[in-house]
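Descriptive structure summary
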Amino acid sequence: MKRKLSITSPLALFCLLPGTAMAQTTEATMDKGDVAWMMVSTLLVLMMILPGLALFYGGLVRSKNMLSVLMQCTTITAMVMVVWIFYGYSFAFGGGTGPFWGGFGKLFLAGVDMNSMSATFTDGVVIPEYVFIAFQMTFAAITPALIVGAFAERIKFSALMVFVLLWITLVYFPVAHMVWDEAGYLFNLGALDFAGGTVVHINAGIAALMGAIVIGPRIGFGKDMMAPHSMTLTLVGAGILWVGWFGFNAGSNLEANGGAALAMINTFTATAGAILAWAVIESLARGKASLLGAASGMVAGLVAITPAAGSVGPVGAIALGAIASLGCYIFVGPIKNKFGYDDSLDVFGIHGVGGIIGAIGTGIFTAPSLGGIGGADFSIASQTWIQTEAVVITLVWGGLVSFILFKLIDVAMGLRVDEEAERQGLDQASHGESAYHF
Amino acid sequence: MKLIIATIKPFKLEEVREALTAAGATGMMVTEIKGYGAQSGHTEIYRGAEYAVNFVPKVRIELVVADALVESIISTIEATAKTGKIGDGKIFVLNVEEAVRVRTGETGADAL
């Protein structure tokens, strides 16, 4: 989210950076408008998870597994928040100068009080560090919650919680540091990731793919009827995700100004372009435009614009969203079916593939000739190369560690519920309750 | 007395009910069911996954009528439930040995 600096004002690079609590200096000013906007943005991102993502996913599973998905999203959110305060914030933004992690400097938020300030993208403009910590906390919470869609309807609840705990520690915090902290490896490569396309979506997508492969397909996959139990709730969730995403993207600007406005309009236009594209592609390919297609396009567009929101133009964003829909459509249909793995809610197909298209597309559509805010010396080729490098590093690191974690947990405690529990449904088998009593 | 069981398209229910009442039926039982015959379902596609939905929603009407009414009731259902397209349904006729009205104890056709 600070990548914007290197483009709009190279000087800002030498100044304060988010995540670096700074001593109050005489010229540092805190704008109440910025603070209010960042507080609202933080809550918008929380709303993306609960109830947004929870309902989006919940509607897509069978009714016997509805509550398990809601429960997973809820408890993951709570656990990540606690971990974030204990050591997550420190590991990501603790002030350490290593390229891969932030150190122990801010364990239990050591040294932070209500007078602590974090830098924004404008020299001398600060926001309370507590707001920055809370804002980033919601990002850390949504990322592992995205992964649960890949192995929905069969994951063992305790195994999932252990996985998430290890995964945020070994994958999310280091990658967040690498991409967003001033000392981070990818930050210093010059990779553009405005609001977390790499850190959040590619990261979650590749972990999801590994999870789906290790845990194996659901019983009856490809044979039994596994259609979404409530497309209505899925659209309610997707709509909440879209609204919440303005906190995610425009909030990543850290100030309520023109930069936030650009991210805001892009979050509208890319998504609109993606929804239309998916509907048109489906109409042409099979004669009917489906609501699940529209909702999928919506999320694909939102994912794709996430890294690009602060640096592309509103028209370029429409194109980027449409391209993301095309890529995801092809992936979740013919390509996925060819491989035969069961990424139940297409976490990799939408977040992974959409994230990769967005990250690489950022290197293209940031070009001033395409309406982006890149400077006169902006080179599509070299920026795209840096973007690709960031994507590959995330895929390799995230993929490898996730795969190992899933394997270890599978051996140690078993990743899946037993067959009887899976047939009965996780709501009753794992949580002892039912979603609906008609 | 005969028991007439008719499976029809759900949206035809109100039209059939009105016509049967006009034809002299004094009551009926209605159940929402799923099933298939020649129509044999349809497919639904969710992203890349295609599912065959074999059982399609239908409405089952059951009514017991006096022998004299059987022919006109059958022809009424046939005429009103018909769209000419596949999936219009079927009509079955069974013998009924006895009927009792619980409130009064009347039996046979008087109980209908």
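Residues numbered from 1 in each chain as written. Chains lettered and ligands numbered in written order. Predicted model: local features only at pLDDT ≥ 70, side-chain atom pairs only at ≥ 80, totals over all residues.

Once that is clear, we can look at the overall build of chain B. Looking only at helices and strands, chain B has two helices and six strands in total. Starting at the N terminus and walking to the C terminus, you meet the elements of chain B as β-α-β-β-β-β-α-β. For chain B, whose C-alpha radius of gyration is 17 Å, the value lies well above the compact-globule estimate of 13 Å for 112 residues. The burial tally for chain B puts 18% of its 112 residues in the buried class. Within chain B, contacts between residues at least 6 apart in sequence are counted, and of these 70% link residues at least 24 apart. (Helix = DSSP H or I, 4+ residues; strand = E, 2+ residues; numbered from the N terminus. Rg over C-alpha atoms; globule rule 2.2 N^0.38 Å. Buried ≥ 20, exposed ≤ 12 C-beta atoms within 10 Å, placed from the backbone. Contact = placed C-beta atoms within 7 Å.)

This part takes up the overall build of chain A. Looking only at helices and strands, one finds 15 helices and four strands in chain A. In terms of C-alpha radius of gyration, chain A reaches 21 Å, essentially the compact-globule figure of 22 Å for 438 residues. Residues counted as buried form 59% of the 438 residues belonging to chain A. Long-range pairs, those at least 24 residues apart, make up 77% of the contacts in chain A between residues at least 6 apart in sequence.

Residue and element names in this part refer to chain A. Over its 28 residues, helix α3 (residues 66-93) runs only 36 Å from end to end, short of the ideal 40 Å by more than 12%, given 1.5 Å per residue. Largest kink in α3: about 70 degrees, centred on Trp84. Positive phi appears at Gly95, one or two residues downstream of α3, with a value of about 95 degrees. (Expected span 1.5 Å × (residues − 1). Bend = angle between axes of the 7 residues up to and from the residue.)

Below, the discussion takes up the interface of chain B and chain A. At the junction of the two partners, chain B supplies seven residues and chain A supplies twelve residues. Elements represented by at least two residues in the side of chain B that touches chain A include exactly β3 (42-46) and β4 (49-53) of chain B. It is β3(B) that contributes the most residues to the side of chain B that touches chain A, three residues altogether. Residue classes in the side of chain B that touches chain A are distributed as four nonpolar, one polar and two charged. (Nonpolar A, V, L, I, M, F, W, Y, C, P; charged D, E, K, R; others polar.)

The residue A:Ser434 is located in the segment after α15 (426-431) in this model. Expressed as a C-alpha distance, the spacing of A:Ser434 and A:Ser290, which sit 144 residues apart in the sequence, is 28 Å.

Looking now at the pairing of strand β5 (residues 56-65) of chain B. Looking down a regular strand, the side chains alternate between one sheet face and the other. All names here are of chain B. Across seven bridges, strand β1 (residues 2-8) lies against β5 in antiparallel orientation. The residue of β5 that forms the bridge with Ile5 is Glu62. Bridge count for strand β2 (residues 29-35) against β5 is seven bridges, and the pairing is antiparallel. Paired with Val30 across the two strands is Ile61, which belongs to β5. (Pairing = 2+ DSSP bridges.)

A word on the environment of A:Gly355. All names here are of chain A. For Gly355, the location among the structural elements is in helix α12 (residues 347-365). Look at Gly355 and you get buried, because 32 C-beta atoms sit within 10 Å. Separated by 27 residues in the primary sequence, Gly355 and Cys328 place their C-alpha atoms 9.9 Å from one another.

This paragraph deals with the pairing of strand β4 (residues 125-128) of chain A. Residues and elements named next belong to chain A. Taken together, the two bridges between strand β2 (residues 29-30) and β4 define a ladder with parallel strand orientation. Bridge assignment links Met30 to a residue of β4, and that residue is Val126. Bridge analysis of strand β3 (residues 117-119) against β4 gives three bridges, and the strand direction is antiparallel. For Ala119, the partnering residue across the bridge sits in β4 and is Val126. Linking β3 back to β4 in an antiparallel pair, the connection comprises five residues, with Gly124 at a positive phi of about 85 degrees.

What follows is about the confidence of the model for chain B. All names here are of chain B. Averaged over chain B, the pLDDT score is 93; the fraction of residues at 70 or greater is 100%. Mean pLDDT values for the elements of chain B range from 88 in β4 up to 97 in β1. For this predicted complex, the interface score ipTM comes out at 0.77, while the overall pTM is 0.88. (pLDDT = per-residue confidence, 0-100.)

All names here are of chain B. In spatial order, the strands read β2-β5-β1-β6; together these four strands make up an open sheet with antiparallel pairing. In this open sheet, the two strands that pair with only one neighbour each are β2 and β6 (89-95). Neighbour to neighbour, the strand axes of the sheet diverge by 20 degrees on average, direction disregarded. Across seven bridges, the pairing between β1 and β6 is antiparallel. Across the sheet, the residue bridging to Ile8 is Gly89, located in β6. (Axes fitted to C-alpha atoms, helices over the stretch in contact; angles between N-to-C directions.)

Right, let's get into helix α13 (residues 380-413) of chain A. Residues and elements named next belong to chain A. Taking 1.5 Å of rise per residue, the 34 residues of α13 would be expected to cover 50 Å, and the 48 Å separating its terminal C-alpha atoms lies within 8% of that figure. In this structure, the buried residues of α13 make contact with α5 (157-180), α6 (185-189), α7 (197-215) and α12. Looking one or two places after α13, you find Gly414, whose phi comes out positive at around 85 degrees.

With that settled, the discussion passes to unusual backbone geometry. All names here are of chain A. At the junction of Leu50 and Pro51, the peptide bond is cis and its omega measures out at 5 degrees in the coordinates. The residue Pro51 is located in helix α2 (residues 32-60) in this model. The backbone of Leu109 shows a phi angle near 55 degrees, a positive value even though the residue is not glycine. With respect to the helices, strands and loops of the structure, Leu109 is situated in the loop between α3 and β3.

All right, on to the nonpolar core then. The tendency in soluble globular proteins is for nonpolar side chains to be buried as a group. In this structure, A:Leu53, A:Tyr57, A:Ile142, A:Leu241, A:Ala274 and A:Leu320 are the most contacted members of the largest nonpolar core, which totals 147 residues. Here A:Tyr57 is in contact with A:Val69, A:Val148, A:Gly149, A:Ala152 and A:Leu345, once residues within four sequence places are set aside. Ranked by size, the runner-up nonpolar core spans 14 residues in total, among them B:Ile4, B:Ile8, B:Val16 and B:Ile73. (Core = buried A, V, L, I, M, F, W, Y, C linked by C-beta atoms within 7 Å.)

Residues and elements named next belong to chain A. In contact at an axis separation of 8 Å, α7 and α13 are set at 40 degrees when each is read in the N-to-C sense. Taken together, the axes of α7 and α13 lie oblique to each other. In the packing of α7 onto α13, the handedness of the crossing is right-handed. Contact residues: α7 offers Thr198, Ile202, Asn203, Ile206, Ala207, Met210, Gly211 and Val214, while α13 offers Ala390, Val391, Thr394, Leu395, Gly398, Gly399, Ser402, Phe403, Phe406, Lys407 and Asp410. The residue makeup of the contact of α7 with α13, split by class, is ten nonpolar, seven polar and two charged. (Parallel < 35°, antiparallel > 145°, perpendicular 65-115°, else oblique. Left-handed = near helix turned anticlockwise from the far one by under 90°.)

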